[in-house]
Amino acid sequence: MRAAYDFGADAVYAGQPRYSLRARNNEFRLEQLAQGIAEAHARGKRFFVTSNLLAHNDKVRTYLRDLAPVVELRPDALIMADAGLIMLVREEMERGRWPEIPIHLSVQANTTNWAAVKFWQRAGVSRIILSRELSLGEIEQIRNECPDVELEVFVHGALCIAYSGRCLLSGYFNRRDPNQGTCTNACRWSYGAQPGSEANDAGEVQPLSSVATLDQGFDFTAEQARADDAFAACGGAPRHPAADRVYLLEETARRAGELMPIMEDEHGTYILNSRDLRAVEHVERLVKIGVDSLKIEGRTKSRYYVARTAQVYRRAIDDAVAGRRFDPALLVELEGLASRGYTPGFLDRHAAQDLQNYATGHSVALRSQYVAEVLGVGEDGWAEVETKNRFAVGDTLEIVHPAGNRHVALAEMRNLDGEPITVAPGSPLRVRIPIGLPAEGALIARLLGD
């Protein structure tokens with residue numbers, strides 16, 4: 001939260017674990033929500049409380065009781081998705097039992113058209129966080145049809161392979177409902193596919209071979225080119241023989257040997273791992289459209305990730321508002337973050353396979369690595385840092401700071417006893433390095449790759 005504010009965010013959103021989709025790795029209990037809201041207001045920032053689960057009856061029973069003390073803290077908005085819960089909250093406000101607090105409609109509500117925006121506006125919602133499945137043109141049309149409601153758009157972060165939160169994989173495999181905040185990200189596990197037989201009378205599919213794989217005899221690139229040529233020539237591509245086969249899906253890391261029937265076409269499967277959203281290059285267009293807020297998804301991310309994304313998108317917004325052209329260097333800076341590869345999502349229409357990451361399910365830092373957090377800087381310009389990853393004398397470091405970033409060549413390094421060392425092998429370790437900056441604010445260093 002503090003890093004987001006330091007590096008340019010106007011607001012943060014945080015959810016109660018029981019009533020939001022942030023049930024895991026969530027430190028925001030009531031006491032922490034109170035502290036966060038107070039700090040935000042002291043800094044002239046805003047703090048939104050996310051309360052966006054799709055509730056079953058048991059949580060409806062306790063919802064108003066548990067939300068009441070949160071409302072008393074006066075957050076700047078409640079982010080909600082469940083129509084019934086929105087109705088109950090609005091009733092409390094209209095009867096004067098609760099103070100009037102704006103309600104923002106969560107992306108979980110999957111709002112994809114202007115008529116739905118008008119419906120929610122009439123229900124007392126002041127801001128609509130639009131579905132990630134919209135193009136820039138569709139967002140512009142919604143703005144034109146609904147000029148008097150606030151619109152928010154996600155521009156960076158993880159993408160769900162289903163309409164937000166509507167995926168069945170986590171619930172099917174682990175009995176953890178994504179819409180209760182406990183998604184296990186099963187879409188990012190490592191899967192393999194095997195040819196299977198036609199279903200028997202009992203509807204069962206059996207593997208044809210325990211060693212045959214989908215890749216044997218199938219060249220995706222060649223077949224995609226063939227399909228594109230055929231489509232351009234005659235208006236429709238003939239089906240590849242592989243599209244009519246039955247395949248069995250295997251999650252190799254945790255459920256080896258458990259084979260599940262799936263459907264496959266010449267482009268591959270579409271139930272797996274999405275690339276990460278990155279739309280910094282579209283900020284100028286979104287500003288011109290009149291979108292009120294741009295949103296970064298930062299669940300379980302590091303302070304470095306929060307600082308870097310907030311800083312980059314702050315600069316992109318400021319440039320757009322001032323009429324300056326987009327700076328391509330911002331793309332390079334985001335490449336320094338660990339990601340699953342980037343896509344503009346549905347904002348910019350393109351071939352469906354561009355959304356998918358078939359090679360890996362984990363984040364990879366392509367250009368740089370987060371190596372240390374600066375704990376303090378002495379008057380001599382030497383900083384005490386806590387290491388996160390390996391770095392060494394001779395490396396080039398980038399110091400990321402709210403007042404501006406700078407590069408330094410690491411010429412020397414010492415341990416806390418003042419003895420010269422050449423390598424900081426990784427976490428957890430504290431060392432001292434010369435950076436020549438005043439002792440102000442939180443600093444973060446990253447190692448630039450080749």
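Since this is a predicted model, take the numbers as computed values, not measurements.

> Mind showing me how you'd approach the pattern of salt bridges here?
Should their charged atoms come close, side chains of opposite charge can pair. If you walk through the whole model with that rule in mind, you get 29 salt bridges. Linking Arg315 and Glu333 is a salt bridge whose minimum nitrogen-to-oxygen distance equals 2.9 Å. Placement of Arg315 in helix 10 (residues 303-321) and of Glu333 in helix 11 (residues 329-335) is noted, with a sequence separation of 18 residues between them. Here Glu333 falls in the buried class, since its relative accessible area comes to 13%.

> Please clarify how the packing of helix 3 (residues 57-72) against helix 4 (residues 83-94) should be interpreted in this entry.
Between two packed helices, both the angle of their axes relative to each other and the distance between the axes serve to describe the pair. The interhelical angle for the contact between helix 3 and helix 4, taken along N-to-C directions, is 40°, at an axis separation of 11 Å. Here helix 3 is positioned oblique relative to helix 4, judged by the angle of their axes. Crossing of helix 3 over helix 4 shows right-handed handedness. Between helix 3 and helix 4, the residues in contact are Val60, Tyr63, Leu64 and Leu67 and Leu85, Leu88, Val89 and Glu92, respectively. Grouping the constituent residues of the contact of helix 3 with helix 4 by class yields seven nonpolar, no polar and one charged.

> What am I meant to see in the nonpolar core here?
Side chains of a nonpolar character, in soluble globular proteins, are inclined to be buried together. Counting 67 residues, the largest nonpolar core has Phe47, Leu78, Val89, Ile128, Leu130 and Ile139 as the members making the most contacts within it. When residues of this core are assigned to their parent elements, the largest contribution, eight residues, is made by helix 10. Apart from residues no more than four positions distant in its own chain, Ile128 is found in contact with Leu105, Thr111, Val117, Trp120, Val149, Glu150, Leu151 and Glu152. Counting residues in hydrophobic clusters, the runner-up holds 16 residues, among them Val374, Phe391, Val408 and Met413.

> So what exactly am I meant to see when it comes to the packing of helix 5 (residues 114-122) against helix 6 (residues 136-145) here?
Where helix 5 meets helix 6, the axes come as close as 9 Å, and the angle between the chain directions of the two elements is 45°. The pairing of helix 5 with helix 6 is recorded here as oblique in orientation. Helix 6 is crossed by helix 5, and the crossing has right-handed handedness. Contacts between helix 5 and helix 6 involve Trp114, Val117 and Lys118 on the former and, on the latter, Gln141, Ile142 and Glu145. A per-class count over the contact of helix 5 with helix 6 returns three nonpolar, one polar and two charged.

> Hey, could you run me through the pairing of strand 20 (residues 430-434) in this one?
Taking every second residue as pointing to the same face, the buried face of strand 20 carries Val431 and Ile433, while none of Arg430, Arg432 and Pro434 on the other face is buried. Alignment of strand 14 (residues 382-387) against strand 20, held across five bridges, turns out to be antiparallel. Across the sheet, Glu384 pairs through a bridge with Arg432, a residue of strand 20.

> It is not clear to me how helix 5 should be interpreted in this structure. Could you clarify?
Every α-helix carries 3.6 residues per turn, so stepping three or four residues along brings you back to the same face. Those residues of helix 5 not exposed but buried are Ala116, Val117 and Trp120. Projection of helix 5 onto a plane perpendicular to its axis shows the buried side chains occupying an angular sector of 105°, all on one side. Looking at helix 5, the residues exposed on the side facing more than 90 degrees away from the buried face are Phe119 and Arg122. Residues of helix 5 that are buried in the fold lie against helix 4, strand 4 (103-105), strand 5 (127-129) and helix 6. Looking at where helix 5 begins, the residue whose side-chain oxygen comes 3.0 Å from the main-chain nitrogen of Ala115 is Asn113. Phi turns positive, to about 100°, at Gly124, one or two residues after helix 5.

> Can you walk me through helix 4 in this structure?
Over its 12 residues, helix 4 extends 16 Å from the first C-alpha to the last, a length consistent with the 16 Å expected when each residue adds 1.5 Å. Turning to helix 4, its buried residues are Leu85, Ile86, Leu88, Val89, Arg90, Glu92 and Met93. Lining the buried residues of helix 4 we find helix 3, strand 3 (77-80), strand 4 and helix 5. Between the side-chain oxygen at the start of helix 4 and the backbone nitrogen of Gly84 there is a gap of 2.9 Å, and the oxygen is on Asp82. Among the residues trailing helix 4, Gly96 stands out with phi positive, at a value near 80°.

> So what exactly am I meant to see when it comes to the environment of Trp98 here?
The topology assignment puts Trp98 in the loop between helix 4 and strand 4. Residue class for Trp98 comes out buried when judged on its relative accessible area of 10%. Residues Trp98 and Glu72, spaced 26 residues apart in sequence, show a C-alpha to C-alpha distance of 7.8 Å. Leaving out residues up to four positions away in the same chain, Trp98 has contacts with Leu64, Leu67, Ala68, Val71, Val89, Glu92 and Met93.

> Please explain the confidence of the model for the chain as it appears in this structure.
As a general rule, the predicted coordinates of low-pLDDT regions are not to be interpreted in detail. Looking at the chain, the pLDDT average stands at 81 and 71% of residues meet or exceed 70. Here residues 263-271 scores under 50 on pLDDT; set against residues more than four positions off or in separate chains, the count is 27 contacts. Within the model, the stretch residues 351-362 combines pLDDT values under 50 with 33 contacts to residues more than four positions away or in other chains.

> Before we go on, may I ask you to explain the pairing of strand 17 (residues 406-409) in this structure?
On a regular strand, each side chain points to the face opposite its neighbour's, so the side chains alternate between the two faces of the sheet. Sheet topology places strand 16 (residues 396-400) next to strand 17; four bridges connect them, and they run antiparallel. The residue bridging Glu398 from the neighbouring strand is His407, located in strand 17. Following strand 16, the chain reverses through five residues before pairing antiparallel with strand 17; Gly404 in that reversal takes a positive phi of roughly 135°.

Cut-offs and rules
- Residues numbered from 1 in each chain as written.
- Predicted model: local features only at pLDDT ≥ 70, side-chain atom pairs only at ≥ 80, totals over all residues.
- Heavy atoms only, no water.
- Salt bridge = Lys/Arg side-chain N within 4 Å of Asp/Glu carboxyl O.
- Helix = DSSP H or I, 4+ residues; strand = E, 2+ residues; numbered from the N terminus.
- Buried < 20%, exposed > 50% of the residue type's maximum accessible area, 1.4 Å probe, protein only.
- Axes fitted to C-alpha atoms, helices over the stretch in contact; angles between N-to-C directions.
- Parallel < 35°, antiparallel > 145°, perpendicular 65-115°, else oblique.
- Left-handed = near helix turned anticlockwise from the far one by under 90°.
- Contact = heavy atoms within 4.5 Å.
- Nonpolar A, V, L, I, M, F, W, Y, C, P; charged D, E, K, R; others polar.
- Core = buried A, V, L, I, M, F, W, Y, C linked by side-chain atoms within 4.5 Å.
- Pairing = 2+ DSSP bridges.
- Arc of directions from axis to C-beta.
- Polar contact = N/O pair within 3.5 Å; in protein donor to acceptor, adjacent residues only side chain to side chain.
- Expected span 1.5 Å × (residues − 1).
- pLDDT = per-residue confidence, 0-100.

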